[in-house]
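# Structural characterization, general
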Amino acid sequence: MNQLTLPESLWRQTATPAPPPRALSGLVMADVAIIGAGYTGLSAALRAIELGLKPIVLEASEVGYGASGRNGGVVSTKYRVSLSDMARSHGVQTAKRMNQLGHDAMDRVGRYVQEHGIAAGLAETGNLRCAHNAHVLAALATEVETVRTTFGDTSLRMLDAHETAAETGSDGFVGGVLNSHAGVIHPLDYARGLAQAVRKGGGEIFENTLVKGTLTDPAGIEVTAAQGSVRAERLVISTNGYSDLSGATAGVRQTVIPFRSAMVATEPLPAATFATLIPNSRSYSETRRMMRWFRRIDDRLLFGGRGAFGKADSAPAFTALERAMKAIFPQIASVAVTHRWSGLVAMTMDSLPQIGLANARTAFSLGYNGTGIAMASLLGRHAVDLVMGETVDLALMRRAQPKSIPFYFLREPAVRTVAGWYQFLDRIGR
Ligand SMILES: Cc1cc2nc3c(=O)[nH]c(=O)nc-3n(C[C@H](O)[C@H](O)[C@H](O)COP(=O)(O)OP(=O)(O)OC[C@H]3O[C@@H](n4cnc5c(N)ncnc54)[C@H](O)[C@@H]3O)c2cc1C
């Protein structure tokens, strides 16, 4: 029996049903084999189809089982490193390219939705980053200034404390940055819509198919699962925070640290509540290190964050998340939370996504640091471009090879220590 099932999330409850799964059986031929059916893998498949290649996607569970079917649906391309820091450390041209890749990633989601008629509620509502202290607000102002004056990009605008309170319905912020090139989506419907486009284009997706091994030889690659195998010319590894499901992806597993991230959804709220609570129905994120984000879906408030989550879900961690939501929005102190779920994001040492070639036949793209809806939709495509020998300027995200994180075996205590330290810094307002 397959143990890997999507959690009982609000997304699972409200998504358009998926077609019955097909598992791999026997030997199948492909031009490009892809491990993982999240946004990265499905975008890789769509790119392969555009290039006239036959992709086969192999998924241990079902489409969207990983972070792609569980996330907050906040579509934005914020990097965890500021563009002004990138400009300082790597030069203006590199930072400018990273900014452009961010916009390309946003546009890519819109194009997929439009070209493939994906009904996933994509709305370009804008995203508001809410500053939790003056120190952070000043850094945000520098960022906005760099983007506006150095890059000539007018998508960001500073809001003061008063405007931020009117936007959010909370007095908990000292100001914010409104990004007009961002929005919201139903994440699982998006994943299922991409999968449908892959199938329609002639690609195949085998679900309930855990890849157990890969073997590269001069003639190609053999990808094996319990029930069969795929013989392919090329391979794309797109397993992100789920790279330790088997030894097949050991080559990339140690390049990222999986970090649990969680969501809660309230019971339906009266329309009058939303007259003052996030009245513009944008997506919203906080600037704390243990970032939290919120948005509306139909008549419910969704609230997500990272916190005291370990390897698995825990009731006290969900309670802490609910408490954080109610501290920001005391007006909903008495409402019930009806859904709780979590998933794994993949963090990297330099806080940037990483894409490259593991060998001449194998590309990898992972490590979106918790902001991957748009970037995975773009980088999945570029993983195929790279493995087909194209040159793409991926600036700071391009890696010469998968590079393991030093002292990887210490990741679990390290995650707990870092999380505790970040919570402490957040608490003392730094
Ligand atoms: C709770 C939560 C909230 C988030 N909120 C947001 C948000 O609001 N906005 C945003 O932009 N990002 C958000 N993210 C991050 C975003 O969801 C991810 O960056 C993105 O989905 C990564 O997509 P992916 O395809 O690379 O990986 P995933 O979607 O994680 O997919 C990897 C897949 O690989 C499969 N797999 C692994 N190993 C094997 C194997 N050996 N054989 C076969 N299959 C295998 C897994 O089963 C899995 O389905 C959030 C993540 C979480 C967990």
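Residues numbered from 1 in each chain as written. Predicted model: local features only at pLDDT ≥ 70, side-chain atom pairs only at ≥ 80, totals over all residues. Heavy atoms only, no water.

### A short note on the sheet that holds strand S12 (residues 257-266)
If you walk across this open sheet you meet the eight strands as S5-S6-S4-S13-S14-S15-S12-S16, and the pairing is mixed. Whereas interior strands pair on both sides, the edge strands pair on one side only; in this sheet they are strand S5 (156-160) and strand S16 (337-347). The mean inter-strand angle of the sheet, taken between neighbouring strand axes irrespective of direction, is 20°. Across three bridges, the pairing between strand S13 (residues 283-286) and strand S14 (residues 292-297) is antiparallel. (Pairing = 2+ DSSP bridges. Helix = DSSP H or I, 4+ residues; strand = E, 2+ residues; numbered from the N terminus. Axes fitted to C-alpha atoms, helices over the stretch in contact; angles between N-to-C directions.)

### Some points on helix H2 (residues 39-50)
If you check H2, its first and last C-alpha atoms are 16 Å apart, about what 12 residues at 1.5 Å a residue would give, namely 16 Å. Among the 12 residues that make up H2, 10 are buried, leaving the element largely enclosed by the rest of the structure. Taken together, the buried positions of H2 are occupied by Tyr39, Thr40, Gly41, Leu42, Ser43, Ala44, Ala45, Leu46, Arg47 and Ala48. Positive backbone phi, approximately 80°, marks Gly52, located one or two places after H2. (Expected span 1.5 Å × (residues − 1). Buried < 20%, exposed > 50% of the residue type's maximum accessible area, 1.4 Å probe, protein only.)

### Section: the packing of aromatic side chains
Within the structure shown, the criterion is met by seven aromatic pairs. The interplanar angle of 75° and the centroid separation of 6.3 Å between the aromatic rings of Trp11 and Trp341 together place this pair among those described as edge-to-face. A residue pair is termed long-range when its members are at least 10 positions apart, and Trp11 in helix H1 (residues 10-14) and Trp341 in strand S16 qualify at 330 residues. We classify Trp341 as buried; its relative accessible area is 0%. Taking the centre distance of 5.1 Å and the plane angle of 85° together, the rings of Phe294 and Phe329 count as edge-to-face. Of the two residues, Phe294 is situated in strand S14 and Phe329 in the loop between helix H9 (315-328) and S16; the sequence distance between them amounts to 35 residues. Both residues of the pair, Phe294 and Phe329, count as buried. An aromatic cluster is defined as three or more aromatic residues linked by ring pairs; in this entry it consists of Phe173, Tyr284, Phe294, Phe303 and Phe329. Taking the ring centre of Tyr65 as reference, the NZ or CZ of Arg70 above it sits at 4.8 Å. (Phe/Tyr/Trp six-rings, centres within 6.5 Å; stacked < 30°, edge-to-face > 60°. Lys NZ or Arg CZ within 6 Å of the ring centre and 35° of its normal.)

### Concerning the site of the ligand
Taken together, the neighbourhood of the ligand is formed by 37 residues, with Thr40, Glu59, Ser68, Val74 and Val211 sitting nearest. Separating an oxygen atom of the ligand from a side-chain N or O atom of Thr40 is a distance of 2.6 Å. Note that a nitrogen atom of the ligand is positioned 3.1 Å from one of the backbone N or O atoms of Gly370. Protein chains bury 99% of the 1000 Å² of accessible surface belonging to the ligand in isolation. Elements represented by at least two residues in the shell around the ligand include exactly H2, S12 and S16. At three residues, S16 tops the list of elements feeding residues into the shell around the ligand. Looking at the shell around the ligand residue by residue, the classes come out as 17 nonpolar, 18 polar and two charged. (Near = heavy atom within 4 Å. Polar contact = N/O pair within 3.5 Å; in protein donor to acceptor, adjacent residues only side chain to side chain. Areas by Shrake-Rupley, 256 points an atom, 1.4 Å probe, with all protein chains shown as cover. Nonpolar A, V, L, I, M, F, W, Y, C, P; charged D, E, K, R; others polar.)

### A word on the nonpolar core
Ranked by internal contacts, the top residues of the largest apolar core, which has 63 residues, are Tyr79, Met98 and Tyr190. For this core, the secondary structure elements donating two or more residues are strand S1 (26-35), H2, helix H3 (83-90), helix H4 (92-115), helix H5 (134-150), helix H7 (187-200) and helix H10 (373-387). Of the residues forming this core, the biggest block, 10 residues, is contributed by H10. Leaving out residues up to four positions away in the same chain, Tyr79 has contacts with Met86, Met98, Leu101, Gly102, Leu352, Pro353, Met375 and Met397. (Core = buried A, V, L, I, M, F, W, Y, C linked by side-chain atoms within 4.5 Å. Contact = heavy atoms within 4.5 Å.)

### Regarding the packing of H2 against H10
It is at 7 Å that the axes of H2 and H10 come closest, and there the two elements cross at 45°. When the axes of H2 and H10 are compared, the pair comes out oblique. Crossing hand, H2 versus H10: right-handed. Of H10, the residues touching H2 (which contributes Tyr39, Thr40, Ser43, Ala44, Arg47, Ala48 and Glu50) are Ile373, Ala376, Ser377, Gly380, Arg381, Val384 and Asp385. Of the residues that constitute the contact of H2 with H10, the class distribution is six nonpolar, four polar and four charged. (Parallel < 35°, antiparallel > 145°, perpendicular 65-115°, else oblique. Left-handed = near helix turned anticlockwise from the far one by under 90°.)

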